[in-house]
Amino acid sequence: MVASDPSRPETAAAPAASERSPFARLTELLAPFEPGQKLINLSLGEPQHPMPPFLGEVLAKNLGDFNRYPPSNGIPAFRAAVSAWLSRRYTLPRALDPESEVLVLNGSREGLFHAAIAAAAFVGPRRGAPAILMPNPFYPAYAAAARGANCEAVFLPATRETGFLPDLDALDEALLARTVGIYIASPANPQGSVATSAYFARLSELATRYGFMVLSDECYSEIYTQTPPGSILENSGPDFKNVVAFQSLSKRSNLPGLRVGFVAGDRAFIRRFHEWRNVAAPQVPMPLQHVGAAAYQDEAHVEVSRGLYRQKFDAADIVLGNRFNYRRPAGGFCVWLDVSAYGGDEAATIKLFREGGVRVLPGSYLARTGSDGLNPGAGYIRVALVQAADTTTEALRRMVDVLNDHEARG
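To start, this report covers the structure provided alongside it. Fair warning: this is a prediction, and the values are worked out from it, not measured in the lab.

## Quick notes on the nonpolar core
Counting 52 residues, the largest nonpolar core has L86, V214 and L233 as its most contacted members. Sorting elements by how many residues they give to this core places helix α11 (residues 286–296) first, with seven residues. In this view, V214 contacts I182, I184, L203, A207, I232, N242, V243 and V244; residues no more than four positions away in its chain are not counted. Counting 31 residues, the second-largest nonpolar core is a separate cluster that includes F138, A143, A149 and V180.

## Observations concerning the pattern of salt bridges
Under the criterion given, the structure shown has 19 salt bridges. E99 is paired through a salt bridge with R79; the nearest N and O atoms lie 3.4 Å apart. You can see E99 sitting in the loop between α4 (76–89) and β3 (102–105) and its partner R79 sitting in helix α4, a full 20 residues away along the chain. Judged by relative accessible area, E99 falls into the exposed class, the value being 54%. E101 is paired through a salt bridge with R267; the nearest N and O atoms lie 3.2 Å apart. Here the residue E101 occupies a position in the loop between α4 and β3, and R267 occupies one in helix α10 (residues 267–280), the gap between them amounting to 166 residues. What makes R267 partly exposed here is its relative accessible area of 37%. Within the structure, one salt-bridge network assembled from shared partners comprises D169, R202, E205 and R209.

## Section: the packing of aromatic side chains
One pass over the structure, following the stated rule, counts 15 aromatic pairs. Geometrically, the ring pair formed by W85 and Y90 is edge-to-face, given 6.0 Å between the ring centres and 80° between the ring planes. According to the relative accessible area criterion, W85 is buried, its value standing at 1%. Centroid distance F324 to Y342: 5.5 Å. Interplanar angle 65°. Geometry classified as edge-to-face. Of the two residues, F324 is situated in the loop between α12 (300–320) and β10 (334–338) and Y342 in the loop between β10 and α13 (345–356); the sequence distance between them amounts to 18 residues. Here F324 and Y342 have matching classes, each one buried. The rings of F78, W85, Y90, F262 and Y296 are connected pair by pair, giving a single aromatic cluster. Sitting over the face of the ring of Y365, R25 holds its NZ or CZ atom 4.1 Å from the ring centroid.

## A few points about the side chain of S236
For S236, the location among the structural elements is in the loop between β7 (213–217) and β8 (243–248). With a relative accessible area of 11%, S236 lands in the buried category. There is a polar contact of 3.4 Å between the side chain of S236 and the backbone oxygen of I232. Those residues in contact with S236, other than ones at most four positions away along the chain, are S204, K241 and V243.

Parameters at a glance
Residues numbered from 1 in each chain as written. Predicted model: local features only at pLDDT ≥ 70, side-chain atom pairs only at ≥ 80, totals over all residues. Heavy atoms only, no water. Core = buried A, V, L, I, M, F, W, Y, C linked by side-chain atoms within 4.5 Å. Buried < 20%, exposed > 50% of the residue type's maximum accessible area, 1.4 Å probe, protein only. Helix = DSSP H or I, 4+ residues; strand = E, 2+ residues; numbered from the N terminus. Contact = heavy atoms within 4.5 Å. Salt bridge = Lys/Arg side-chain N within 4 Å of Asp/Glu carboxyl O. Phe/Tyr/Trp six-rings, centres within 6.5 Å; stacked < 30°, edge-to-face > 60°. Lys NZ or Arg CZ within 6 Å of the ring centre and 35° of its normal. Polar contact = N/O pair within 3.5 Å; in protein donor to acceptor, adjacent residues only side chain to side chain.

Shown next, in the form of structure tokens:
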């Protein structure tokens, strides 16, 4: 398959076509066709497992708070629950102060976007054109955030050769000196790669040395089948200087419609971020924050959900085997399949839809073509294992049948 040179960060002036939603582009790609079998949608990373059963009662108990404006930094109960959860979940240098080091968010996407704008103000002037770095492929909100912060988006190839994470040693002095912030996702979306403690520590050290912010997207951290992924907060020193971690209940607790998450870390940045959000970002309704606090106090529902994902990855191991360069990811619920031998990612996506009724996402839609002319997502498809186990297994079998038929016919 074709991959970008990992030693060459990619810059772009944000071409309009690639800034569009990958899902809008997918809808247009498939619009001329009908699914060949009953549709199974594995393109959208929307959890389908049952939500925690006790949360309805929590919501009902706090309905009266809908008639009040919420505090922009979050209610004390939510921030305390977050701080306690972080201390239970990770080996931190110390507990985070819920008063000064935690902010509630309308899910992680809103926070990830606004954080770039806050980071540009917090970091201040750079030596050269201010830049925001991000892995390539990347979550689309990162590039939108760079544009919103009036910074150059710099795309760092995250390929098989680099362990599907950016190569930090390939970043040169001039680029680091003008960096405002770097987005890192661990577990990564779409590849499921996980940063090691050494990787996080190196990233934290670079941020401190050059004075930029690490914006660590950790919303998939609770979906894994073996080793729990770590956090940037474990590897940044007792003051969490120049680092913040973003989390959401969408993936952890199967609550994508709740739109509740948080950011935690460097208190000086959190203060600046709060000032920005207090005038520019929507507040989170207090009843929803009470639901979020209850969710962060319970791990039983998370383990049940994790077990359901484990079943689906067990099925993928059997059905996919070593086809499409499949590997069981270290985290997250997506598989990243190499279909370069089947006409490329768009052609394979169309074929799977037309013949198999399976909707997946072309990898090139999640990445940006670099100055070398290469797109590190090209030739891959992202498959989200979010449906029920039997439905997911059926979809994987259809995929193998459809693409193997293509291979047999040459």
